[in-house]
Amino acid sequence: MRTSAPCILTVALEDYYHNFERVIQRAHWPRFETRVEQSTLRALDLLDEFGIRATFFTLGWIANTMPEVLAEVARRGHEIASKGYNQRSLRELSASEFRDDLARSRDAIERASGQRVLGYRAPGWLTATDLWALEVLANEGYLYDSSVKPIFLSPRPELAHRFAHRRQLGDRTLWEFPISTVGIGRALLPVGAANYFRQLPQPVVARAVAHWHDRYPGAPFTMYFHTWELDPGQPQITAAPLLNRVRKYRNLDRVPAILAHYFSRYSFSGIRDYLGVAATAPVAPEDELTRWAPRHDDRDERRLPIALAPAARGAPQRITLAVPCYNEEHSLPYLANTLKDVERLLAARYELEYVFVDDCSVDGTWSLLHHLFGENPRCRLLRHDVNRGVAASISMGIRSAKTDVVCSIDCDCTYDPHDLARMVPLMTDGVDLVTASPYHPDGRVHNVPRWRVSLSKTLSRMYRVVLRQPLHTYTSCFRVYRRSSVVRIEPTRGGFLGIAELIGELALSGAVIVECPATLEVRVLGHSKMKVLRTIVGHLGLIASFARKRVAIWARPVPARGPLAPGPGAGAADARDDQGHEPHV
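On a predicted model such as this, the values are computed, not experimentally measured, just so you know.

Comments concerning the environment of Pro282
Move 1: Position of Pro282 among the secondary structure elements: in the loop between helix H10 (271-275) and helix H11 (286-289).
Move 2: For Pro282, a relative accessible area of 19% translates into the label buried.
Move 3: A C-alpha to C-alpha distance of 6.4 Å links Pro282 and Gly114, two positions 168 residues apart in sequence.

Laid out in structure tokens, this is it:
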């Protein structure tokens, strides 16, 4: 039986990738598989089961990109409030920028929900240095804020600030609804925060909540959870620090039962209902609400140094993207969304074809490839019957391509495929390979562990000395190949070594290799397949092999340009490939 003690329930309506600003750029949000709709429906069904109406704090970005989600929340009788437009922290904003963010978010949410936005919650909880934002909220006509969460081991604030209260801000007032806390000695523990429900033993939290109601019977207990906490099958952001991953993913499967425990014992309402404010439609007329309509810069639009003008003559040039895949079930939706945008970017000059090579994955990669790309007539799906490594997969893609320009890209998008707009135009007559280079003076590395960068740079310097090629990077999988120049090279080294072997053989043959500065980012989804110690030993052996070959031809000058000479029988093999016959795998 429920108690009659007042309780306030708020829900953060977010997707699983929205809280990783250190490793995920906001411009990359559209690339992720969207799961917010299904997690929100789970939350709504759970609230319906217990007859609870809550306050949902959400982003203007979600309102603009998925308005149907907010419309369903409103249809089921819940309040919708603002969490800013796209998770920009107050520490990133000036007062005027904060005002613009509030207006943009409010208008997007009101347009999607048909409700007047009354409340706000900051993407990062307020600290003493952020209290200026409350005055801005009051001046912008907000009724309440719920951005205060006293944290563990923080000094105890004034008791009045632990409970729902009104703040006087000049000639205006603003309600504040802090997340509920209990005292442990001189510290405060936020027992109304969803993460603490998951991390701490359930009996401990349940006793703390009961203690709140016994100790403060007139003060509303304020708690919250996130919609993504009802999605235990969400892809994990493996690039996040370990502590963040523990906080994010631990005990997600227990959340429905934990919430049901409290929903069955306490009477919850949203903030609007607690204040006794009737739901109202937006006060601004419709034409006013469109001033913050989705803008062009909400997309991941690249401002590239090379503008892609339409092809000078005839149809766009056909090029092939070869994509090696091994246990990439979680990365493929991200890749699929990214490639849609790449196609739009390159459409004026290039027509893309694809060869996906599944390197004998043991997860759901093969079936997901068919689901995402199987119906596309420009996609070919190949599969190795044994695991042969990334270099063998790229070689298979090159041999299977029907175009002379073949681009190899990483399935996990650690190199952004949008950079093909700068790389492909460098494949001019006489060039055999264009390779991406994060270690070029104009390249960048973002969030990759320093030890891996140092290791890769050291190996690249060693290759540079031995091969006498002025390149800064020899280990990148992100390249543009001239098929006729490389189709006869079959790497003998497995895994990532074959990538360096391929460029090394080209260099020794006198091929022309062009380097393009690029950005290397940490892998966001899934796990790296590289075995570090084995890879180091393998690279040292490959460098020694190249050194022996270099000594053998030391007396001969290195040709300035030109592809590899055809090998015995190569013409017949090429003829078979160009007829489109499937290679033996």
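Thoughts on the nonpolar core
Move 1: Among the nonpolar cores identified, the biggest contains 131 residues, and Ile237, Phe263 and Phe356 are the most heavily contacted of them.
Move 2: Residue contributions to this core peak at seven residues, all from helix H12 (residues 332-346).
Move 3: Those residues within four positions of Ile237 in sequence are excluded, and the remaining contacts are Tyr16, Phe20, Val23, Ile24, Phe32, Arg245, Tyr249, Val524 and Leu525.
Move 4: Counting 30 residues, the second-largest nonpolar core is a separate cluster that includes Ala322, Ala391, Cys477 and Leu502.

Brief notes about the pairing of strand S2 (residues 55-58)
Move 1: Burial of S2 is two-sided: the residues Thr55 and Phe57 facing one way and the residues Phe56 and Thr58 facing the other way are all buried.
Move 2: Here four bridges tie strand S1 (residues 6-13) to S2, and the two strands are oriented parallel to one another. Bridge assignment links Thr10 to a residue of S2, and that residue is Thr55.
Move 3: Handedness of the crossover is the feature at issue here: the chain leaves S1, passes through helix H1 (residues 36-49), returns alongside S2, and the resulting connection is right-handed.
Move 4: When S2 meets strand S3 (residues 79-82), the two strands line up parallel, connected through four bridges. The residue bridging Phe56 from the neighbouring strand is Ile80, located in S3.

Here we look at the packing of helix H7 (residues 202-215) against helix H9 (residues 255-263)
Move 1: In the contact formed by H7 and H9, the axes pass within 12 Å of each other and the chain directions differ by 25°. The pairing of H7 with H9 is recorded here as roughly parallel in orientation. Between H7 and H9 lies a crossing whose hand is right-handed. Contact with H7, carried on its side by Gln202, Val205, Ala206 and Val209, involves Ile258, His261 and Tyr262 of H9 and no other residues of that element.
Move 2: Residues that form the contact of H7 with H9 fall into these classes: five nonpolar, two polar and no charged.

Considering the sheet that holds strand S15 (residues 405-408)
Move 1: The seven strands are arranged S14-S13-S12-S15-S18-S16-S19 in an open sheet whose pairing can be described as mixed. Looking at strand neighbours, the two that pair on one side only are strand S14 (379-383) and strand S19 (513-517), the edges of this open sheet. Taking each pair of neighbouring strands and ignoring which way they run, the sheet shows an average axis angle of 25°.
Move 2: Packed onto the sheet, H12 meets strand S12 (317-325) and strand S13 (350-358) and runs at close to 160° relative to S13.

Comments concerning the packing of aromatic side chains
By convention here, two paired aromatic rings are described through the distance between centres and the angle between planes.
Move 1: For the coordinates displayed, the defined rule picks out 27 aromatic pairs.
Move 2: A centroid spacing of 5.7 Å and a plane angle of 20° characterise the contact between Trp175 and Phe177, whose relative ring orientation is stacked.
Move 3: Overall, Trp175 belongs to the partly exposed group, its relative accessible area being 22%.
Move 4: Aromatic rings pair up to connect Tyr16, Tyr17, Trp29, Phe32, Trp61 and Tyr334 into one cluster.
Move 5: A cation over an aromatic ring shows up here: Arg106 above the ring of Tyr142, its NZ or CZ 4.1 Å from the ring centre.

Notes on the side chain of Asp358
Move 1: Residue placement: Asp358 occurs in strand S13.
Move 2: The exposure class assigned to Asp358 is buried, which follows from its relative accessible area of 0%.
Move 3: Not counting residues within four places of it along the chain, the set of residues in contact with Asp358 comprises Cys325, Thr365, Trp366, Leu369, Leu382, Arg383 and His384.

A closer look at the confidence of the model for the protein chain
As a note on interpretation, predicted positions should not be read in detail where pLDDT is low.
Move 1: Per-residue confidence for the protein chain averages 86 on the pLDDT scale, and 86% of its residues sit at or above 70.
Move 2: For residues 285-306, every residue scores under 50 in pLDDT, and the model assigns this stretch 49 contacts once sequence neighbours within four places are set aside.
Move 3: Predicted confidence for residues 558-585 stays below pLDDT 50, and this span has 45 contacts to residues more than four positions away or in other chains.

The rules we used
Residues numbered from 1 in each chain as written. Predicted model: local features only at pLDDT ≥ 70, side-chain atom pairs only at ≥ 80, totals over all residues. Heavy atoms only, no water. Helix = DSSP H or I, 4+ residues; strand = E, 2+ residues; numbered from the N terminus. Buried < 20%, exposed > 50% of the residue type's maximum accessible area, 1.4 Å probe, protein only. Core = buried A, V, L, I, M, F, W, Y, C linked by side-chain atoms within 4.5 Å. Contact = heavy atoms within 4.5 Å. Pairing = 2+ DSSP bridges. Right-handed = clockwise from strand over helix to strand, strands pointing away. Axes fitted to C-alpha atoms, helices over the stretch in contact; angles between N-to-C directions. Parallel < 35°, antiparallel > 145°, perpendicular 65-115°, else oblique. Left-handed = near helix turned anticlockwise from the far one by under 90°. Nonpolar A, V, L, I, M, F, W, Y, C, P; charged D, E, K, R; others polar. Phe/Tyr/Trp six-rings, centres within 6.5 Å; stacked < 30°, edge-to-face > 60°. Lys NZ or Arg CZ within 6 Å of the ring centre and 35° of its normal. pLDDT = per-residue confidence, 0-100.

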